[in-house]
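Read off the chains here:
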Amino acid sequence: MFVVNLLLILFSIICSIFLVRWFLHRIALIYAVRKCVEWAADRFHVHQHFKVPELNDSTQQQNLFYRRVSLYLSSLPSLEDSDFTNLFTGKKPNDIVLSVDENQAIQDVFLGARVSWLNQVDRDRGNQIVRRSFVLRIKKKDKRRILKPYLQHIHAVSDDIEQRGAELKIHNHCDGRWKSVPFNHPANYDALVLDPDLKAKIRHDLETFLKSKQYYHKLGRVWKRSYLLYGPSGTGKSSFIAATANLLNYDVYYVNLSQVADEADLNSLLLQTTSKSLIVVEDLDRYVSERSNARITSSGLLNFMDGLMNSQDERIFIFTMNNKDGIGIDPALLRPGRIDMHIHFPMCDFVSFKNLANNYLGVKDHKLFPQVEEIFQSGARMSAAEISELMLVNRSSPSRALKSVISALQSNSKSGGKVATRLSDSSASSPAPPSVTEEGGGAAWKETMPKEFRKLYGLLRLKSSKRPGSLDADEVSLCIGYARKGRFGRDREALCEAERLLNDMGHYNSNCKADMLNVLVAIKVKVKSDS
Ligand SMILES: Nc1ncnc2c1ncn2[C@@H]1O[C@H](COP(=O)(O)OP(=O)(O)OP(=O)(O)O)[C@@H](O)[C@H]1O
Ligand SMILES: [Mg+2]
């Protein structure tokens, strides 16, 4: 009996091996048959070939289309099915990038037609590479139908890959030229506290815009969209801009109209910008209301807003204002078509406060919430920036953070909207940073400039004395917001001191330092122009 069982087991093992071999052989057979059919088809001139050499024959310069094809092929899922594929590490250590090996083909399907690409590498007798090219193989019957759109498709996809792979940049101008630094702002739409319906509407608007190239061109319009963000200071306008840049993967160009010499300068700056970018003009109301010494005419400004000076495609213009009904604002500036969407950034209400408490303190509900709600109902208002700063400084104790928000709200309602906010309450263990006076209006900033500078200075000092590590993104963007608005006054000594402190911050990460350097450059420009 034992022998019979053993024989049965042996028999089934042999059968399995036979089946596996037969199956593998069958696949190989199919492969061989397919190769024969392809060879035969080539003999009968069913296919046509298009070669994309790496170098231009006459000039021996790089053929840009070769690079595009290479990018495109590296994005094809069928790359994994190629007989030989090279594996490389990508930009991030955990990324694995695939690329087709020498003289291997890769299949693609476009508009129902099958095409293939050969990565052709010619070597001489000494095995040195003499020529590289990609060879597109396409059926003659499909050529007329798909060739042109297929090549355009390769352009579009490779463009997109390049854009996504490229590091985002923030550009500020100085003496008529753009100066760029890497844009590493972590702002994102999810962390932005805004009415959810409005947020969804804006997202939809942006996504529709991105897909509307043909539509705009058919109408003979420049493919651009303009948004006006308006609301009191510290309500999230600049954070929205950073979040939009991250969402769309667009570079940001900050146009400081008061630093533009004349219209020719403005034109030249615009011509130097690239497509797929956000062109941002902050505080348009302030510029318009202080136009007495303006060097750009009204029509120059309108032409700029209409994107007439540069018809480069895929631009988003964003203008910010504290008060869009302010004195001196020409309604033509904000008419439909010139500004496509007006987005209001209000002061915090109880719902936004709860969102901030959740984001900053991880608190969804708290016994102090009813008290906060009551104060909001009595009409007290604070900006998200003020509330978030209180939460940030007191983040180790949610109760303390909420108490400090309550006392700030109370003093806000007593002072009728003028908020006197301490960054940390008296129970906070950290050294108290300087107090800040925040006002909603535009002109009042002039009086508070030195205080705003002291705020940055206090923040730097607090950070450098208290703990190592990076400045929080919120704090950095707050400083940048203030600096960009030139709200630091002309306190040269404090500026030098701040610069010295920044230099001492060897332990801060480089992104943070780059941001802070931005702040200081902006302050310097401001101090220079004021003096
Ligand atoms: N709506 C918001 N949602 C989340 N955080 C916010 C919001 N508004 C402000 N903040 C916080 O306050 C900081 C400052 O906000 P931001 O610079 O975006 O305000 P702003 O409206 O541009 O102010 P200003 O008019 O003074 O330039 C941000 O870094 C962010 O942390
Ligand atoms: Mg701002």
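Under an unreviewed UniProt entry, the chain has the name AAA+ ATPase domain-containing protein and belongs to Salvia splendens. The annotation that UniProt attaches to the chain under Sequence similarities (unreviewed entry) is "Belongs to the AAA ATPase family. BCS1 subfamily."

Colleague: Mind showing me how you'd approach the overall build of the chain here?
Modeller: On a plain count of helices and strands, the chain comes out with 17 helices and 15 strands. A burial count over the chain gives 42% of its 531 residues as buried. At a minimum sequence separation of 6, the contacts of the chain that also span at least 24 residues come to 67%. Element-wise, carbon and sulfur atoms account for 55% of the exposed surface of the chain, whose accessible area totals about 29,100 Å².

Colleague: Sorry if this is basic, but what is going on with the pattern of salt bridges here?
Modeller: When their charged atoms lie close together, side chains carrying opposite charge are able to pair. In the structure shown here, the tally under the stated rule is 9 salt bridges. Residue Arg68 pairs with Asp159 through a salt bridge whose shortest N-O separation is 3.0 Å. Here Asp159 lies in helix α3 (residues 140-165) and Arg68 lies in helix α2 (residues 64-74), a separation of 91 residues in the sequence. Across the salt bridge formed by Glu314 and Lys276, the nearest N and O atoms sit 3.5 Å from each other.

Colleague: Can you walk me through the nonpolar core in this structure?
Modeller: A general tendency of soluble globular proteins is for nonpolar side chains to be buried together. Among the nonpolar cores identified, the biggest contains 30 residues, and Phe240, Val252, Leu278 and Ile316 are the most heavily contacted of them. Where this core is concerned, the elements lending two or more residues are α4 (196-210), β9 (224-230), α6 (237-248), β10 (251-254), β11 (277-281), β12 (315-321) and β13 (341-344). The greatest single-element share of this core, amounting to 6 residues, is contributed by α6. When residues no more than four places from it in sequence are discounted, the contact partners of Phe240 are Tyr189, Leu192, Ile202, Leu229, Ile318, Ile343 and Phe345. Counting residues in hydrophobic clusters, the runner-up holds 27 residues, among them Tyr230, Val255, Ile296 and Phe319.

Colleague: Help me out: how do you make sense of the packing of aromatic side chains in this one?
Modeller: In this description, a pair of aromatic rings is defined by centroid distance and the angle of the planes. Counted under the stated rule, the structure contains 18 aromatic pairs. With 6.5 Å between their ring centres and 35° between their planes, Trp117 and Tyr150 make a pair best called tilted. In this pair, Trp117 sits in strand β5 (residues 113-123) while Tyr150 sits in helix α3, placing the two residues 33 residues apart along the sequence. Among the residues examined, Trp117 registers a relative accessible area of 1% and is labelled buried.

Colleague: I would appreciate a short explanation of the side chain of Asp205 in the present structure.
Modeller: When you line up the elements, Asp205 lands in helix α4. Beyond its immediate stretch of four places on either side in the chain, Asp205 contacts Arg225, Tyr227 and Met341.

Colleague: It is not clear to me how the packing of helix α10 (residues 350-361) against helix α11 (residues 369-377) should be interpreted in this structure. Could you clarify?
Modeller: A packed helix pair is summarised by two numbers, namely the angle formed by the two axes and the spacing between the axes. Two elements in contact, α10 and α11, have axes whose closest approach is 10 Å; the angle formed by their N-to-C orientations is 145°. At the point where α10 passes α11, the crossing takes the right-handed sense. Note on element contacts: α11 touches α10 through Phe369, Val372, Glu373 and Phe376, opposite Phe350, Phe353, Lys354 and Ala357. The class makeup of the residues in the contact of α10 with α11 is 6 nonpolar, no polar and 2 charged.

Colleague: Help me understand helix α12 (residues 384-393) in this model?
Modeller: Residues spaced three or four apart along an α-helix point in a common direction, a consequence of the helix completing one turn every 3.6 residues. Burial runs high along α12: 9 of the 10 residues are buried. Within the span of α12, buried status applies to Ala384, Ala385, Glu386, Ile387, Ser388, Glu389, Leu390, Met391 and Leu392.

Calculation rules
Residues numbered from 1 in each chain as written. Chains lettered and ligands numbered in written order. Predicted model: local features only at pLDDT ≥ 70, side-chain atom pairs only at ≥ 80, totals over all residues. Heavy atoms only, no water. UniProt positions renumbered as here; feature names shortened; annotations may be inferred. Helix = DSSP H or I, 4+ residues; strand = E, 2+ residues; numbered from the N terminus. Buried < 20%, exposed > 50% of the residue type's maximum accessible area, 1.4 Å probe, protein only. Contact = heavy atoms within 4.5 Å. Areas by Shrake-Rupley, 256 points an atom, 1.4 Å probe, with all protein chains shown as cover. Salt bridge = Lys/Arg side-chain N within 4 Å of Asp/Glu carboxyl O. Core = buried A, V, L, I, M, F, W, Y, C linked by side-chain atoms within 4.5 Å. Phe/Tyr/Trp six-rings, centres within 6.5 Å; stacked < 30°, edge-to-face > 60°. Axes fitted to C-alpha atoms, helices over the stretch in contact; angles between N-to-C directions. Left-handed = near helix turned anticlockwise from the far one by under 90°. Nonpolar A, V, L, I, M, F, W, Y, C, P; charged D, E, K, R; others polar.

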